[in-house]
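Remarks on the overall topology
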Amino acid sequence: MNETPGVITLIGYRGSGKSSIAPLLATRLGWTSVDADAEIERRAERSISQIFELEGESTFRELERQVMRDLLKSSAIIVAAGGGAAINDETRAEMKAAGEVVYLSATVDVLAGRIAGDESSPDRRPNLTGTGGRVEIVRMLSLREPIYRQAASLTVDVDELSPDQIADRIEMFLRKRRAVWFNA
Ligand SMILES: Nc1ncnc2c1ncn2[C@@H]1O[C@H](COP(=O)(O)OP(=O)(O)OP(=O)(O)O)[C@@H](O)[C@H]1O
Ligand SMILES: O=C(O)C1=C[C@@H](O)[C@@H](O)[C@H](O)C1
Ligand SMILES: [Mg+2]
(Lines give C-alpha, C1' and ligand atoms only; values in the text may rest on other atoms or scores of the structure.)
(Ligands and ions follow the chains in the order given, each with its own letter.)
Protein backbone atom coordinates (compact mmCIF):
# COMPACT_ATOMS: atom_id res chain seq x y z
CA MET A 1 0.00 0.00 0.00
CA ASN A 2 1.33 3.44 -0.99
CA GLU A 3 2.17 5.45 2.16
CA THR A 4 2.19 8.86 0.50
CA PRO A 5 -1.22 10.47 1.12
CA GLY A 6 -3.06 10.59 -2.15
CA VAL A 7 -6.28 12.16 -3.42
CA ILE A 8 -9.84 11.51 -2.32
CA THR A 9 -12.26 12.35 -5.10
CA LEU A 10 -15.95 12.96 -4.45
CA ILE A 11 -18.15 12.12 -7.44
CA GLY A 12 -21.89 12.12 -8.08
CA TYR A 13 -24.66 13.92 -9.85
CA ARG A 14 -25.23 17.69 -9.61
CA GLY A 15 -26.61 18.58 -6.19
CA SER A 16 -25.44 15.40 -4.44
CA GLY A 17 -23.24 17.48 -2.09
CA LYS A 18 -19.65 17.07 -3.36
CA SER A 19 -18.75 20.75 -2.90
CA SER A 20 -20.42 20.89 0.52
CA ILE A 21 -18.76 17.75 1.91
CA ALA A 22 -15.20 18.26 0.60
CA PRO A 23 -14.22 21.08 3.03
CA LEU A 24 -15.83 19.27 5.99
CA LEU A 25 -13.85 16.14 5.25
CA ALA A 26 -10.66 18.10 4.67
CA THR A 27 -10.94 19.75 8.10
CA ARG A 28 -11.40 16.37 9.79
CA LEU A 29 -8.38 14.86 8.05
CA GLY A 30 -6.18 17.95 8.24
CA TRP A 31 -5.96 17.98 4.43
CA THR A 32 -6.99 20.67 1.96
CA SER A 33 -9.95 20.62 -0.40
CA VAL A 34 -10.35 21.89 -3.94
CA ASP A 35 -13.54 22.38 -5.89
CA ALA A 36 -12.85 21.42 -9.51
CA ASP A 37 -15.72 23.57 -10.87
CA ALA A 38 -14.39 26.63 -9.02
CA GLU A 39 -10.88 25.90 -10.36
CA ILE A 40 -12.22 25.71 -13.93
CA GLU A 41 -13.98 29.06 -13.45
CA ARG A 42 -10.83 30.59 -11.98
CA ARG A 43 -8.69 29.49 -14.92
CA ALA A 44 -11.28 30.45 -17.55
CA GLU A 45 -12.11 33.74 -15.77
CA ARG A 46 -15.80 33.12 -16.40
CA SER A 47 -18.67 31.12 -14.95
CA ILE A 48 -19.47 27.60 -16.11
CA SER A 49 -22.71 28.84 -17.66
CA GLN A 50 -20.75 31.48 -19.61
CA ILE A 51 -18.28 28.83 -20.85
CA PHE A 52 -21.18 26.66 -22.06
CA GLU A 53 -22.87 29.65 -23.70
CA LEU A 54 -19.82 31.25 -25.33
CA GLU A 55 -17.59 28.25 -26.12
CA GLY A 56 -19.82 25.22 -25.85
CA GLU A 57 -19.88 22.16 -23.63
CA SER A 58 -16.97 20.48 -25.44
CA THR A 59 -14.62 23.34 -24.45
CA PHE A 60 -15.86 23.01 -20.87
CA ARG A 61 -15.12 19.27 -20.93
CA GLU A 62 -11.56 19.90 -22.18
CA LEU A 63 -10.97 22.42 -19.37
CA GLU A 64 -12.45 19.95 -16.88
CA ARG A 65 -10.21 17.18 -18.16
CA GLN A 66 -7.09 19.37 -17.73
CA VAL A 67 -8.06 20.61 -14.26
CA MET A 68 -8.76 17.06 -13.08
CA ARG A 69 -5.47 15.83 -14.51
CA ASP A 70 -3.61 18.54 -12.56
CA LEU A 71 -5.51 18.08 -9.29
CA LEU A 72 -5.13 14.31 -9.35
CA LYS A 73 -1.34 14.73 -9.25
CA SER A 74 -1.57 16.41 -5.82
CA SER A 75 -1.11 14.88 -2.41
CA ALA A 76 -3.35 14.99 0.67
CA ILE A 77 -6.29 16.75 -0.96
CA ILE A 78 -10.01 16.17 -1.27
CA VAL A 79 -11.26 16.97 -4.77
CA ALA A 80 -14.93 17.86 -5.24
CA ALA A 81 -15.33 16.83 -8.87
CA GLY A 82 -17.93 18.30 -11.20
CA GLY A 83 -20.93 16.07 -11.84
CA GLY A 84 -19.69 14.95 -15.26
CA ALA A 85 -15.95 14.60 -14.57
CA ALA A 86 -16.08 10.85 -13.86
CA ILE A 87 -17.64 10.17 -17.24
CA ASN A 88 -14.31 10.76 -18.97
CA ASP A 89 -12.51 7.39 -19.15
CA GLU A 90 -9.02 8.82 -18.60
CA THR A 91 -10.13 11.01 -15.69
CA ARG A 92 -11.86 8.05 -14.10
CA ALA A 93 -8.75 5.89 -14.38
CA GLU A 94 -6.63 8.70 -12.89
CA MET A 95 -9.06 9.17 -9.97
CA LYS A 96 -8.83 5.51 -9.09
CA ALA A 97 -5.05 5.45 -9.38
CA ALA A 98 -4.67 8.59 -7.22
CA GLY A 99 -6.51 7.23 -4.18
CA GLU A 100 -10.12 6.68 -3.15
CA VAL A 101 -13.22 7.61 -5.11
CA VAL A 102 -16.41 8.24 -3.12
CA TYR A 103 -19.80 8.31 -4.84
CA LEU A 104 -22.48 10.46 -3.21
CA SER A 105 -25.69 8.82 -4.38
CA ALA A 106 -29.06 10.59 -4.19
CA THR A 107 -32.52 10.07 -5.64
CA VAL A 108 -33.90 12.20 -8.45
CA ASP A 109 -36.33 14.07 -6.20
CA VAL A 110 -33.64 15.04 -3.71
CA LEU A 111 -31.28 16.14 -6.49
CA ALA A 112 -34.00 18.18 -8.22
CA GLY A 113 -34.95 19.89 -4.95
CA ARG A 114 -31.37 20.77 -4.06
CA ILE A 115 -30.50 22.04 -7.52
CA ALA A 116 -33.65 24.20 -7.60
CA GLY A 117 -32.91 25.54 -4.12
CA ASP A 118 -29.24 26.42 -4.70
CA GLU A 119 -28.63 30.02 -5.72
CA SER A 120 -25.40 29.07 -7.54
CA SER A 121 -27.32 26.88 -10.05
CA PRO A 122 -27.83 29.56 -12.74
CA ASP A 123 -24.04 30.21 -12.84
CA ARG A 124 -22.80 26.65 -12.33
CA ARG A 125 -25.45 24.30 -13.74
CA PRO A 126 -26.44 25.10 -17.33
CA ASN A 127 -28.80 22.63 -19.01
CA LEU A 128 -27.06 19.49 -20.28
CA THR A 129 -29.89 18.54 -22.64
CA GLY A 130 -32.71 20.37 -24.42
CA THR A 131 -35.12 19.82 -21.57
CA GLY A 132 -33.30 20.70 -18.34
CA GLY A 133 -35.25 20.14 -15.13
CA ARG A 134 -36.37 16.85 -13.66
CA VAL A 135 -36.62 15.06 -17.03
CA GLU A 136 -32.95 15.79 -17.65
CA ILE A 137 -31.94 14.47 -14.23
CA VAL A 138 -33.83 11.20 -14.79
CA ARG A 139 -32.20 10.71 -18.17
CA MET A 140 -28.65 11.72 -17.29
CA LEU A 141 -28.64 9.88 -13.97
CA SER A 142 -29.71 6.62 -15.61
CA LEU A 143 -26.77 6.95 -18.02
CA ARG A 144 -24.25 8.01 -15.38
CA GLU A 145 -25.24 5.97 -12.34
CA PRO A 146 -23.54 2.72 -13.48
CA ILE A 147 -20.39 4.67 -14.28
CA TYR A 148 -20.32 6.39 -10.89
CA ARG A 149 -20.85 3.07 -9.15
CA GLN A 150 -18.15 1.33 -11.13
CA ALA A 151 -15.63 4.09 -10.32
CA ALA A 152 -16.30 4.24 -6.59
CA SER A 153 -14.63 2.38 -3.74
CA LEU A 154 -17.31 3.75 -1.37
CA THR A 155 -20.91 4.73 -2.13
CA VAL A 156 -22.83 6.84 0.41
CA ASP A 157 -26.61 7.16 0.06
CA VAL A 158 -26.99 10.80 1.04
CA ASP A 159 -30.76 11.44 0.88
CA GLU A 160 -31.35 11.12 4.62
CA LEU A 161 -27.97 12.32 5.90
CA SER A 162 -26.68 15.73 6.98
CA PRO A 163 -23.35 16.96 5.57
CA ASP A 164 -21.68 16.14 8.91
CA GLN A 165 -23.06 12.59 8.91
CA ILE A 166 -21.81 12.06 5.35
CA ALA A 167 -18.36 13.35 6.29
CA ASP A 168 -18.39 11.00 9.33
CA ARG A 169 -19.03 7.96 7.15
CA ILE A 170 -16.35 8.83 4.67
CA GLU A 171 -13.85 9.60 7.42
CA MET A 172 -14.50 6.22 9.09
CA PHE A 173 -14.04 4.39 5.79
CA LEU A 174 -10.79 6.20 5.02
CA ARG A 175 -9.23 5.77 8.48
CA LYS A 176 -9.83 2.05 8.21
CA ARG A 177 -8.93 1.52 4.58
CA ARG A 178 -6.01 3.96 4.39
CA ALA A 179 -4.78 3.91 7.98
CA VAL A 180 -1.23 4.36 6.72
CA TRP A 181 -2.15 7.84 5.38
CA PHE A 182 -3.38 9.13 8.73
CA ASN A 183 -1.46 7.30 11.45
CA ALA A 184 2.02 8.42 10.48
N1 LIG B 1 -26.62 16.43 2.90
C2 LIG B 1 -27.23 17.56 2.55
N3 LIG B 1 -28.39 17.91 3.16
C4 LIG B 1 -29.03 19.04 2.82
N5 LIG B 1 -28.62 19.90 1.85
C6 LIG B 1 -27.49 19.60 1.21
C7 LIG B 1 -26.73 18.42 1.52
N8 LIG B 1 -25.65 18.39 0.72
C9 LIG B 1 -25.72 19.49 -0.06
N10 LIG B 1 -26.82 20.22 0.22
C11 LIG B 1 -27.25 21.46 -0.45
O12 LIG B 1 -27.52 21.10 -1.81
C13 LIG B 1 -27.05 22.09 -2.70
C14 LIG B 1 -26.05 21.46 -3.69
O15 LIG B 1 -24.91 21.01 -2.97
P16 LIG B 1 -23.45 21.02 -3.62
O17 LIG B 1 -23.21 22.31 -4.33
O18 LIG B 1 -22.51 20.65 -2.54
O19 LIG B 1 -23.61 19.86 -4.70
P20 LIG B 1 -22.55 19.33 -5.77
O21 LIG B 1 -22.57 17.86 -5.73
O22 LIG B 1 -21.23 19.99 -5.53
O23 LIG B 1 -23.17 19.83 -7.17
P24 LIG B 1 -22.40 20.10 -8.59
O25 LIG B 1 -22.07 18.78 -9.20
O26 LIG B 1 -23.38 20.84 -9.41
O27 LIG B 1 -21.16 20.90 -8.28
C28 LIG B 1 -26.45 23.21 -1.85
O29 LIG B 1 -27.43 24.22 -1.68
C30 LIG B 1 -26.14 22.52 -0.52
O31 LIG B 1 -26.22 23.40 0.57
O1 LIG C 1 -23.19 17.18 -14.34
C2 LIG C 1 -22.50 17.89 -15.10
O3 LIG C 1 -22.22 17.56 -16.26
C4 LIG C 1 -22.00 19.17 -14.56
C5 LIG C 1 -22.00 19.36 -13.20
C6 LIG C 1 -21.45 20.57 -12.56
O7 LIG C 1 -20.72 20.19 -11.39
C8 LIG C 1 -20.54 21.35 -13.49
O9 LIG C 1 -19.30 20.69 -13.65
C10 LIG C 1 -21.18 21.53 -14.85
O11 LIG C 1 -22.37 22.26 -14.68
C12 LIG C 1 -21.47 20.18 -15.51
MG1 LIG D 1 -19.99 21.15 -6.77
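Source: prediction; values computed, not measured. (Residues numbered from 1 in each chain as written. Chains lettered and ligands numbered in written order. Predicted model: local features only at pLDDT ≥ 70, side-chain atom pairs only at ≥ 80, totals over all residues. Heavy atoms only, no water.)

**Quick look at the overall build of the protein**
Helix and strand counts for the protein come out as 10 helices and 5 strands. Relative to the globule expectation of 16 Å for 184 residues, the C-alpha radius of gyration of the protein, 16 Å, shows essentially globular dimensions. Each principal axis of the C-alpha distribution contributes one length, and for the protein these read about 50 × 35 × 25 Å. Sorting the 184 residues of the protein into buried and exposed places 48% on the buried side. Contacts in the protein between residues at least 24 apart in sequence constitute 77% of all its contacts with a sequence separation of at least 6. A total of about 9000 Å² of accessible surface is found on the protein, and carbon and sulfur atoms cover 49% of it. The averaged location of the 28 negative side-chain charges in the protein is 4 Å from the averaged location of its 24 positive side-chain charges. (Helix = DSSP H or I, 4+ residues; strand = E, 2+ residues; numbered from the N terminus. Rg over C-alpha atoms; globule rule 2.2 N^0.38 Å. Buried < 20%, exposed > 50% of the residue type's maximum accessible area, 1.4 Å probe, protein only. Contact = heavy atoms within 4.5 Å. Areas by Shrake-Rupley, 256 points an atom, 1.4 Å probe, with all protein chains shown as cover. Lys, Arg positive; Asp, Glu negative; His and termini not counted. Charge placed at Lys NZ, Arg CZ, Asp CG, Glu CD.)

**A few points about the site of ligand 2**
For ligand 2, the set of nearby residues contains 14 residues, the closest of which are Arg14, Asp37, Arg61, Arg124 and Arg144. One of the side-chain nitrogen or oxygen atoms of Arg144 is found 2.7 Å away from an oxygen atom of ligand 2. Look at ligand 2: alone it shows 310 Å² of surface, and the protein chains cover 97% of it. Split into classes, the residues belonging to the shell around ligand 2 amount to 4 nonpolar, 3 polar and 7 charged. (Near = heavy atom within 4 Å. Polar contact = N/O pair within 3.5 Å; in protein donor to acceptor, adjacent residues only side chain to side chain. Nonpolar A, V, L, I, M, F, W, Y, C, P; charged D, E, K, R; others polar.)

**Digging into the side chain of Asp35**
With respect to the helices, strands and loops of the structure, Asp35 is situated in strand β2 (residues 32-35). Look at Asp35: it is buried, it has no salt bridge, and the nearest opposite charge is Arg124 at 4.5 Å. There is a polar contact of 3.1 Å between the side chain of Asp35 and the backbone nitrogen of Ala38. (Salt bridge = Lys/Arg side-chain N within 4 Å of Asp/Glu carboxyl O.)

**A look at the packing of aromatic side chains**
Under the definition given, this model contains 5 aromatic pairs. Both rings, one in Trp181 and one in Phe182, keep their centres 6.3 Å apart while their planes meet at 75 degrees; by these two values the pair is edge-to-face. By relative accessible area, which is 7% here, Trp181 ends up buried. Feature note: the residues Trp31, Trp181 and Phe182 constitute an aromatic cluster, connected by ring pairs. Directly above the aromatic system of Phe182 lies the positively charged group of Arg175, at a separation of 5.4 Å from the ring centroid. (Phe/Tyr/Trp six-rings, centres within 6.5 Å; stacked < 30°, edge-to-face > 60°. Lys NZ or Arg CZ within 6 Å of the ring centre and 35° of its normal.)

**Examining the UniProt feature "binding site: Mg(2+)" (unreviewed entry) in the protein**
Following the UniProt record, the feature "binding site: Mg(2+)" (unreviewed entry) maps to Ser19 here. One can find Ser19 in helix α1 (residues 18-29). With sequence-adjacent residues up to four places away left out, Ser19 is seen in contact with Asp35 and Ala80. (UniProt positions renumbered as here; feature names shortened; annotations may be inferred.)

**A word on the side chain of Arg144**
Residue placement: Arg144 occurs in helix α8 (residues 133-151). Salt bridges are absent for the buried Arg144, whose nearest opposite-charge side chain, Glu57, sits at 5.6 Å. Once residues lying within four places of it in the same chain are set aside, the contact partners of Arg144 are Tyr13, Arg61, Gly83, Gly84, Ile87 and Leu128.

**Focus: the site of ligand 1**
Close to ligand 1 lie 17 residues, the nearest being Gly17, Lys18, Ser19, Ser20 and Arg125. With respect to ligand 1, the side chain of Arg125 contributes an N or O atom lying 2.5 Å from an oxygen atom. Here Leu161 contributes a backbone N or O atom positioned 2.9 Å from a nitrogen atom of ligand 1. Here ligand 1 has 640 Å² of accessible area as a free molecule, and 78% of this is covered by the chains. At the level of secondary structure, the elements contributing two or more residues to the shell around ligand 1 comprise α1 and α9 (163-177). Its residues placed into classes, the shell around ligand 1 shows 4 nonpolar, 7 polar and 6 charged.

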